[in-house]
Amino acid sequence: MSRLYVIGVAVALLALAALPAMAGGPAPQTDVADVTLTIDQYCEIAYGTVIAIVVTDGGAAGSYTSTAAPYSASANFAATISGVVVAPTGAPGTWTNSLTLKNVGPASSPGTGNATVTVSGLSISTPAASYLTGGTLTLTIQ
Amino acid sequence: MQKVLTTSMAAAALLAACLPSVASQASDQATADVTLNIEKYASVSIWSDITMKTVTSDWFCQSKKTSGSSVVDVTNNFDATLRVVKTLELTDGGSLTVDVEVALMPVNLAYDPGEYSCIDFDPGDHTGETTLWVELEKHWTVADAAGTYSGTVTVEVVEALP
């Protein structure tokens, strides 16, 4: 009797295990496609201020730096900003530039910074004159 | 003459003796049940991976769509439904993700587009009849970091709802 009972329970369990498969029909057939999205690198930088250096009262020997020229920059990657200054045509001295916010990227952009231009090597013996053309400061973000 | 008559009578007697056995010849039949069970079968195959790409200079700071697609083959011998999970999440492997809309074409308006994109198929070979369409529309900004985002989209064939 006990043996028959055990067999009966086993049969019942097997039947229960089979029920979901029968009730749900065939198992879903699936396929998977990989999907990719490529976002290209993008960056921009802009400023439109005229950078002027004025030496007044005869000046003293040394360096003269322009006021800060603000610019804005943004990039969707870790970008670096660099600057190249070209002195006005015929201008004396040595010309350099300095930048703030030299790095910009997705986490911090859009950002703003300042650029300044410095001319050094002037002295009282540097003749007074105006050099108004040909000078540029080019900022590059890459 | 007498001999011929005797022979004919003998033949007639023989014939008569045979007749009852012909008339009572036994017969029998046996019937076996014959059944055919065709199991339900379905297959689905996506032809290719799906790629999408932005075009940098024209796209940033604007709302634009990008999309990709692949043909899907379905073969089934029962009333079946091809469906796809509606939302796809793309990730760069880190914390950045982009949600993408996924649809099957042609659109089946009988289904609620909020949950699944579905297409019903009668039994048969439906090679090349369906397109799996992935589309992303968003306002692109520099916050969308450059790189390649990836994910998967799964389609499945199930029994059609009654």
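In the block above lies the structure referred to throughout.
Residues numbered from 1 in each chain as written. Chains lettered and ligands numbered in written order. Predicted model: local features only at pLDDT ≥ 70, side-chain atom pairs only at ≥ 80, totals over all residues. Heavy atoms only, no water.

1. Quick notes on the overall build of chain A
Right, on to step 1. For chain A, the count of helices and strands is one helix and nine strands.
Right, on to step 2. In chain A, the order of α-helices and β-strands from amino to carboxyl end is α-β-β-β-β-β-β-β-β-β.
Right, on to step 3. Counting the 142 residues in chain A, one finds 24% classified as buried.
Right, on to step 4. Within chain A, residue pairs in contact and separated by at least 24 positions form 76% of the contacts whose partners lie at least 6 positions apart.
Right, on to step 5. For chain A, the exposed area adds up to about 8700 Å²; of that, 61% sits on carbon and sulfur atoms. (Helix = DSSP H or I, 4+ residues; strand = E, 2+ residues; numbered from the N terminus. Buried < 20%, exposed > 50% of the residue type's maximum accessible area, 1.4 Å probe, protein only. Contact = heavy atoms within 4.5 Å. Areas by Shrake-Rupley, 256 points an atom, 1.4 Å probe, with all protein chains shown as cover.)

2. Regarding the side chain of A:S66
Right, on to step 1. Assignment of secondary structure puts A:S66 in the loop between β3 (62-65) and β4 (69-75).
Right, on to step 2. With residues up to four places along the chain from it excluded, the contact list for A:S66 reads A:I51, A:A52, A:I53, A:T116 and A:V117.

3. What about the pattern of salt bridges?
Pairing between side chains becomes possible if they bear opposite charge and their charged atoms approach one another.
Residues and elements named next belong to chain B.
Right, on to step 1. The tally for this structure, following the rule as stated, stands at four salt bridges over all chains.
Right, on to step 2. A salt bridge links E159 to K40; its shortest N-O distance comes to 2.2 Å. Taken as a pair, E159 in strand β9 (residues 147-159) and K40 in the loop between α1 (2-23) and β1 (42-46) lie far apart in primary sequence, 119 residues in all.
Right, on to step 3. Residue E159 is classed as partly exposed on the basis of its relative accessible area, which comes to 29%.
Right, on to step 4. Residue K40 is classed as partly exposed on the basis of its relative accessible area, which comes to 45%. (Salt bridge = Lys/Arg side-chain N within 4 Å of Asp/Glu carboxyl O.)

4. Side note on the interface of chain B and chain A
Right, on to step 1. Each partner contributes to the interface: chain B provides 42 residues, whereas chain A provides 25 residues.
Right, on to step 2. Taking both sides of the interface into account, the surface hidden between chain B and chain A amounts to around 2800 Å²; carbon and sulfur atoms contribute 60%.
Right, on to step 3. By the criterion of area lost to chain A, the three top residues of chain B are B:T56, B:V142 and B:A146, representing 20% of everything that side buries.
Right, on to step 4. Viewed at the interface, chain A and chain B are joined by one salt bridge.
Right, on to step 5. The salt bridge involving B:K53 is made with A:D40; its shortest N-O contact spans 2.8 Å.
Right, on to step 6. Linking chain B to chain A there are 17 residue pairs in polar contact (both at pLDDT 80 or more).
Right, on to step 7. The set of elements that each furnish at least two residues to the side of chain B that touches chain A consists of β1, β2 (50-53), β5 (87-91), β8 (124-139) and β9 of chain B.
Right, on to step 8. Partitioned by chemical class, the residues of the side of chain B that touches chain A number 23 nonpolar, 13 polar and six charged.
Right, on to step 9. Both strand β1 (residues 29-39) of chain A and β9(B) contribute to a ladder of 11 bridges, which runs antiparallel. (Buried area = accessible area lost by both parts, 1.4 Å probe. Polar contact = N/O pair within 3.5 Å; in protein donor to acceptor, adjacent residues only side chain to side chain. Nonpolar A, V, L, I, M, F, W, Y, C, P; charged D, E, K, R; others polar. Pairing = 2+ DSSP bridges.)

5. Observations regarding the sheet that holds strand β5 (residues 79-86) of chain A
Adjacent strands of a sheet pair through backbone hydrogen bonds, lying either parallel or antiparallel.
All names here are of chain A.
Right, on to step 1. Reading across the sheet, the three strands line up as β7-β5-β9 and stay open at both edges, with antiparallel pairing between neighbours. At either margin of the open sheet sits one strand with a lone partner, and together these are β7 (103-104) and β9 (136-141).
Right, on to step 2. Bridge count for β5 against β9 is six bridges, and the pairing is antiparallel. Bridged to V86 within β9 is T136.

Scope: geometric values only; no functional claims are made or implied.
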